[in-house]
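Structure assessment
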Amino acid sequence: MVLGVSGGIAAYKACELLRRFTESGHDVTVVPTAAALEFVGAPTWAALSGKPVATDVWTDVHEVPHVRIGRSADLVVVAPATADLIAKAAHGLADDLLTNTLLTASCPVVFAPAMHTEMWEHPATRANVATLRSRGALVIEPAEGRLTGADTGKGRLPEPAEIFEVCREVLAGSGSDPATDLAGRHVLVTAGGTREYLDPVRFLGNRSSGLQGYALARAAVARGAEVTLVAANVTLPDPAGVKVVRVETTAELRQEVLAATPSADAVVMAAAPADFRPVDVSDAKIKKAPDGSAPPLALTQNPDILHEISSNRVRPGAVIVGFAAETGDDTGSVLDLGRAKLARKGCDLLVVNDVGGGAVFGSPDNEAVIIGADGATVEVPRGSKGALARVIWDEVAARLQD
Ligand code: CTP
């Protein structure tokens, strides 16, 4: 694979990205621009990649590097991608080795932009990004946060570990063809478990880790979607290119889901919202009674968000996906219970987990049956949560209308 590095301060973060690629067995050719070398020198790239590094087309001309490097790559990732590099790529300029490589690469190309907010939001950059996306390139949304100086805003390079995950997803999902079947789509994913407070320090919660929802968000970014992730009490790092909205309670989760649903082409409810909440939330910490008695705990039922957005559809054609953790019993098998729940909730797809053994929570693996309101049944054998996420998006993409 090729790691292109253009001239921004975030070039130093690309060293960690490079390490992740080489340590996971990838053969990486680093192609920095001349400006990138002002930030991180050629010896660093050469030492970390184990290969010589060139920026211009005049080194080793007999090997025709300006054509060979791009042609032989399985993936090109440009991190950081500056506004200037993006502009050159959009217009097909080829005045150095990296821009030549971008013109000769027929494999998937990922750009991880990093620049100041004004540059990212400038109409010129917006148009250039749109051009690259329309040609099938994956341009990851930059993160929000601290920029080079004292300023903050959108434009940060996402964490290298998360750019690496996007690249892994692209390689896993695409073969030689960029899988951009969710390009131009807005998808909403919920993850984690909500907390219902009894007082300022105590809450009722559940064991949901958020891993499956985060895997769904990552997989959707790698297929070109604009992704909003509503995360309830998840401690995982923000996936690259994802707008993460943090919530704690089911009421907050509901509010954020209802706010994002009108613009969402697909909603995947992977979160585990608490079904019940205390009737009263004490403003002060509840004290232990001297007589050893426990305080009364009256609960009330929370609204069912999945049922609400499925029965009151605000965007025609949107695909709504629920999850169900089931254990079979004498009223029916896991699949019977799943079918009944699908009908009750009114969603289009239901991902049914058999949690009889309790092995799903916090585990990197999952297995499930995806059932559709259209009668479809797709069995997904035990595998990573990323692999299940890919099949879920396959099913969603097949049901999206033009
Ligand atoms: N869900 C929701 N709002 C809730 C509870 C659950 O939107 N208040 C969603 C979950 O995100 C999940 C799906 O509903 O996608 C299944 O949740 P589950 O708790 O299994 O459904 P219940 O209605 O609680 O099932 P049961 O009737 O078996 O208790």
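Notes on the structure follow.

Rules used in this analysis
Residues numbered from 1 in each chain as written. Predicted model: local features only at pLDDT ≥ 70, side-chain atom pairs only at ≥ 80, totals over all residues. Heavy atoms only, no water. Buried < 20%, exposed > 50% of the residue type's maximum accessible area, 1.4 Å probe, protein only. Helix = DSSP H or I, 4+ residues; strand = E, 2+ residues; numbered from the N terminus. Arc of directions from axis to C-beta. Contact = heavy atoms within 4.5 Å. Phe/Tyr/Trp six-rings, centres within 6.5 Å; stacked < 30°, edge-to-face > 60°. Lys NZ or Arg CZ within 6 Å of the ring centre and 35° of its normal. Pairing = 2+ DSSP bridges. Axes fitted to C-alpha atoms, helices over the stretch in contact; angles between N-to-C directions.

Focus on helix α11 (residues 250-260)
Residues Thr250, Leu253, Val257 and Ala260 constitute the buried set of α11. For α11, the buried positions fall inside an angular range of 95° around the axis, keeping them on one side. Turned more than 90 degrees off the buried face of α11, the exposed positions are Ala251, Gln255 and Ala259. The elements touched by buried residues of α11 are β8 (186-192), β9 (196-197), β11 (226-232), β12 (242-247), β13 (266-269) and α12 (305-311).

Describing the environment of lysine 341
Mapped onto the fold, lysine 341 is located in helix α13 (residues 334-345). Distance from lysine 341 to threonine 131, taken between C-alpha atoms, is 43 Å for residues 210 residues apart in sequence. Setting aside residues up to four positions removed in sequence, lysine 341 forms contacts with Ala324, Glu326 and Leu350.

Considering the packing of aromatic side chains
Going through the model one piece at a time under the given rule, you end up with two aromatic pairs. For the ring pair tyrosine 197 and phenylalanine 203, a centre distance of 5.6 Å and an interplane angle of 70° mean the geometry is edge-to-face. For tyrosine 197, a relative accessible area of 21% puts it in the partly exposed group. One cation-aromatic arrangement involves arginine 126 over tryptophan 120; the distance from NZ or CZ to the ring centre is 4.5 Å.

Some words on the sheet that holds β8
Across the sheet, which stays open at both edges, the eight strands sit in the order β12-β11-β8-β13-β16-β17-β18-β19 with mixed pairing between neighbours. Of all strands in the sheet, those bounded by a partner on one side alone are β12 and β19 (377-384). Here the average twist between neighbouring strands, direction ignored, is 20°. Pairing of strand β17 (residues 349-354) with strand β18 (residues 365-372), which is carried by four bridges, proceeds in the antiparallel orientation. Counterpart to leucine 349 in the pairing with β18 is glycine 372. Contacts from α11 reach β8, β11, β12 and β13, with the element oriented near 170° to β8.

Section: the pairing of β18
Of all eight residues in β18, six are buried; the element is thus mostly enclosed. Pairing geometry for β18 and β19, over six bridges, is antiparallel. For valine 369, the partnering residue across the bridge sits in β19 and is glutamate 379. Between β18 and β19, which follow one another and run antiparallel, lie four residues, and glycine 375 among them has a positive phi close to 95°.

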